[in-house]
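# Observations on chain architecture
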Amino acid sequence: MLFLRTFKPDPLNFAVLTSLALAVQDTAVVEIVGDLRDRAAIEAVWRDAFGPDATVDGAVELIPATRETWRREILVRIGAADAIVLNISPKDVDFPDFPFGPPMTEMLNDFWERFMDSPIASPMTGRGLLREICYLNRLQRLPDTVVACEARYQPTLDDLIALGGTMGDAVDRHGNFVTPRLTAIDKQVGHLRKAFRGITYRHPDGGGSLLPAFAAALGSALREVLAGTAGHERPPVDLGNLTGRSASPRPLPPDGALKIVAFTDVEELLFLPPGELIEISHEEMGRILNREAVRLGCPYCHTRLPEMFFFTAGLRRHGLRGDGQRDWPNGICQVCGHKSSLFGDDALAPQ
Ligand SMILES: [Zn+2]
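Residues numbered from 1 in each chain as written. Predicted model: local features only at pLDDT ≥ 70, side-chain atom pairs only at ≥ 80, totals over all residues.

### With respect to the environment of Val24
- Within the secondary structure layout, Val24 lies in the loop between helix H1 (12-23) and strand S2 (30-34).
- On the neighbour-count criterion, Val24 (21 C-beta atoms within 10 Å) is buried.
- When the C-alpha positions of Val24 and Ser220 are compared, they lie 9.5 Å apart, and in sequence the two are 196 residues distant. (Helix = DSSP H or I, 4+ residues; strand = E, 2+ residues; numbered from the N terminus. Buried ≥ 20, exposed ≤ 12 C-beta atoms within 10 Å, placed from the backbone.)

### Considering the sheet that holds strand S1 (residues 2-5)
- Across the sheet, which stays open at both edges, the 6 strands sit in the order S3-S2-S1-S4-S5-S6 with parallel pairing between neighbours. With partners counted over all chains shown, the strands left at the sheet margins are strand S3 (60-64) and strand S6 (197-201), one partner each. Averaged over neighbouring strand pairs, the angle between their axes works out to 25° when direction is ignored.
- Of the strand pairs in this sheet, strand S5 (residues 145-150) and S6 are connected by 5 bridges, and their pairing is parallel. Note that in S6 the partner of Cys149 across the bridge is Thr200.
- Along the sheet face, H1 touches S1, S2, S3, strand S4 (84-88) and S5 and points at about 155° away from the line of S2.
- Running over the sheet, helix H3 (residues 70-80) touches S1, S2, S3 and S4 and is turned about 165° from S2. (Pairing = 2+ DSSP bridges. Axes fitted to C-alpha atoms, helices over the stretch in contact; angles between N-to-C directions. Contact = placed C-beta atoms within 7 Å.)

### Quick word on the nonpolar core
- Judged by nonpolar contacts, the single largest core of 78 residues is most densely connected at Leu17, Leu20, Val30, Ile78, Ile84, Val146 and Ala148.
- The element best represented in this core is H1, accounting for 7 residues.
- Residues lining this core come from more than one domain, with at least three contributed by each of domain 1 (2-229) and domain 2 (246-350).
- Residues contacting Ala148, with those up to four places away along its chain left out, are Val16, Val85, Leu86, Asn87, Ile88, Ile199 and Tyr201. (Core = buried A, V, L, I, M, F, W, Y, C linked by C-beta atoms within 7 Å. Domains from an automatic or database assignment.)

### Some remarks on the pairing of S4
- Burial analysis of S4 places 5 of its 5 residues in the buried class, the great majority of the element.
- The alternating pattern of S4 places Ile84, Leu86 and Ile88 and Val85 and Asn87 on opposite faces, both of which are buried.
- Inspection of the sheet shows S1 paired to S4 by 4 bridges, in the parallel sense. Within S4, the position partnered with Arg5 by the bridge is Asn87.

### Side note on the pairing of S3
- Pairing of S2 with S3, which is carried by 5 bridges, proceeds in the parallel orientation. Within the sheet, the bridge partner assigned to Glu31 lies in S3 and is Glu61.
- For the crossover that starts at S2, traverses helix H2 (residues 36-50) and ends in the parallel S3, the hand is right-handed. (Right-handed = clockwise from strand over helix to strand, strands pointing away.)

### Some thoughts on the sheet that holds strand S12 (residues 339-343)
- Pairing is mixed across the open sheet formed by 7 strands, whose spatial order is S7-S8-S9-S10-S11-S12-S13. Every interior strand has two partners, whereas the edge strands, strand S7 (250-252) and strand S13 (347-350), have only one. Adjacent strand axes in the sheet meet at a mean angle of 40°, parallel and antiparallel pairs treated alike.
- With 3 bridges joining them, S7 and strand S8 (residues 257-260) adopt antiparallel strand pairing. Within S8, the position partnered with Arg250 by the bridge is Lys259.

### Considering unusual backbone geometry
- Here Pro253 and Pro254 are connected by a cis peptide whose omega angle stands at 0°.
- Its place among the elements puts Pro254 in the loop between S7 and S8.
- Of note in this structure, Asp26 is not a glycine but carries a positive phi near 70°.
- Phi angles above zero are rare outside glycine, and Gln140 is one such case at about 55°.
- Following the sequence through the fold, Gln140 ends up in the loop between helix H5 (127-138) and S5.

Everything listed is a geometric property; what it means functionally is a separate question.
Now the structure itself:
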């Protein structure tokens, strides 16, 4: 049983963890990827929940990871777990704290106009949430995932999922999103529709290290997940195609097409385009872009160039200059998810 959290510093993570441990006690070990500070925090919450003599040994396994290794560690554990519980934290950096208000059906047309007319801002959704969804989706484990969320944030999360799902369908014939307001990052949240179930909990102000009613609901949902996956042999996770960099072509997400990603670790890329491609290094892009283009960065959100992934279609390079056949660089911003491409010889234009 793997426990994932979208925002590490949220103290509610550990109340969810103890409730999960209670839900699966004597039948499964709960894995959590973290560091030594987590161990001390978990032990304190554990004693608070189960008594001064209680020990986490045998119930929770802390998988130690460093800043460099945790992404790979999480990928491996997602691939191997029988079931996954994802705690979505409303404290996630950019989790929207505005309520959308009435259900979608009661929204006035005017709402949509105002929504669509507002300028493209930063993504509403935090990076932590996005990374977990991205990894669960790449490993096709969302159907084995139970999503936990504090009850008062459920309406916002529901709206995000609904909007992400709806908007995700609005693409042109090249697969580019045509809706102006939601960033591609927010649209990815729509993938959460594939999760097995969402369960909310209420955490009383001022405490509670254990949520028994929530634990009961988690337990029955996880038993259903396990009953569904029992007997299904999952293909082993090929980490070689989900992590690291390589100068030779590999089948990579999202479509398994051959791609050469030689300058960036694949697990760092939340947005990888479909189709065969070769990555173009930031150094090479920096040599051809004019000073203004470098200063502007992403044409949508003005994130710096190093936060963008540059590539050209196909598995052969022709060079970025010349009158004959040449590469045509595209960039996908890893912050807002939008795609841009070379304009003229030395600038980037939105796509
Ligand atoms: Zn951007």
